[in-house]
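Observations on chain architecture
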Amino acid sequence: KTAEDYVHEQKIRHDVLFDHLKDRSGFFEKAKEDKSRSMKVTFRRALAHNGMTEGKMSLRYEDEELELKLHSSHSNKKIDISQASGGEKSKVIGCFLISLWRELVCPFRGVDEWDVFLDHANRAEMEKLTFQYVKGDKKQYFFISPQDSTMLTPEKVRENEGIVQVVTLRKN
């Protein structure tokens, strides 16, 4: 073979690889859009189940930014999550985690002190909502909290036997 033949073959290989790269990039962009859309729908549903009528999640991959807004029960207008009360922040972040977990492919998920700013009633509601979303999953979830679980009632333990295991650690 001549040098020209070799260069021509390499050019063809380069063009084929470049076409494959463009196809993969297109697939990746579509997958990002699909995941983002699905997360937004799940986020809004989770908020609605939690009594929060309006909320918005905005993902901007180019800027590596996530923006969470909600309709505040205190001010009756849309606010950024940074302006929300501790309980509202906890609910919104819990709803965000639910939407994120729906899209992740991994065998387990965990969160620590997820309920630290919630009062007992809101905590019970958020725990119920989260459990409803993860109940049918084939994954393991770890919710670590210094507070008692509402899943510890005898009827809840019987009702969810084989699905939920609550472990309580106490200091001596």
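Below: a short report on this structure. The structure presented is a predicted model; accordingly, all values stated were derived computationally and were not measured.

This paragraph deals with the packing of helix H1 (residues 3–49) against helix H2 (residues 86–103). It is the contact of H1 with H2, at a shortest axis distance of 8 Å, that shows an interaxial angle of 140°. In terms of axis orientation, H1 runs oblique to H2. Between H1 and H2 lies a crossing of right-handed hand. Residues Lys-35, Ser-38, Met-39, Thr-42, Phe-43, Ala-46 and Leu-47 of H1 lie in contact with H2, whose contacting residues are Val-92, Cys-95, Phe-96, Ile-98, Ser-99, Leu-100, Arg-102 and Glu-103.

Looking now at the pattern of salt bridges. In the structure shown here, the tally under the stated rule is 12 salt bridges. Where Asp-15 meets Lys-11, a salt bridge forms, and the shortest distance between an N and an O atom there is 3.2 Å. One end of the pair, Asp-15, and the other, Lys-11, are both in helix H1, four residues apart, so they sit about a helical turn from each other. The partly exposed category is assigned to Asp-15, whose relative accessible area is 31%. The closest approach of N and O atoms between Lys-30 and Asp-34, which form a salt bridge, is 3.1 Å. Of the two residues, Lys-30 and Asp-34 both sit in helix H1, four residues apart, roughly one turn of that helix.

Read from one edge of the open sheet, three strands run S1-S2-S3, paired in antiparallel fashion. Among the strands making up the open sheet, the edge pair consists of strand S1 (55–60) and strand S3 (78–80). Neighbour-to-neighbour, the strand axes of the sheet open up by a mean angle of 25°, direction not taken into account. Where H1 meets the sheet, it contacts S1 and strand S2 (65–71), and its direction lies at approximately 160° from that of S1. H2 contacts S1 and S2 of the sheet and is inclined by roughly 125° relative to S2.

What counts, and at which threshold
Residues numbered from 1 in each chain as written. Predicted model: local features only at pLDDT ≥ 70, side-chain atom pairs only at ≥ 80, totals over all residues. Heavy atoms only, no water. Axes fitted to C-alpha atoms, helices over the stretch in contact; angles between N-to-C directions. Helix = DSSP H or I, 4+ residues; strand = E, 2+ residues; numbered from the N terminus. Parallel < 35°, antiparallel > 145°, perpendicular 65-115°, else oblique. Left-handed = near helix turned anticlockwise from the far one by under 90°. Contact = heavy atoms within 4.5 Å. Salt bridge = Lys/Arg side-chain N within 4 Å of Asp/Glu carboxyl O. Buried < 20%, exposed > 50% of the residue type's maximum accessible area, 1.4 Å probe, protein only. Pairing = 2+ DSSP bridges.

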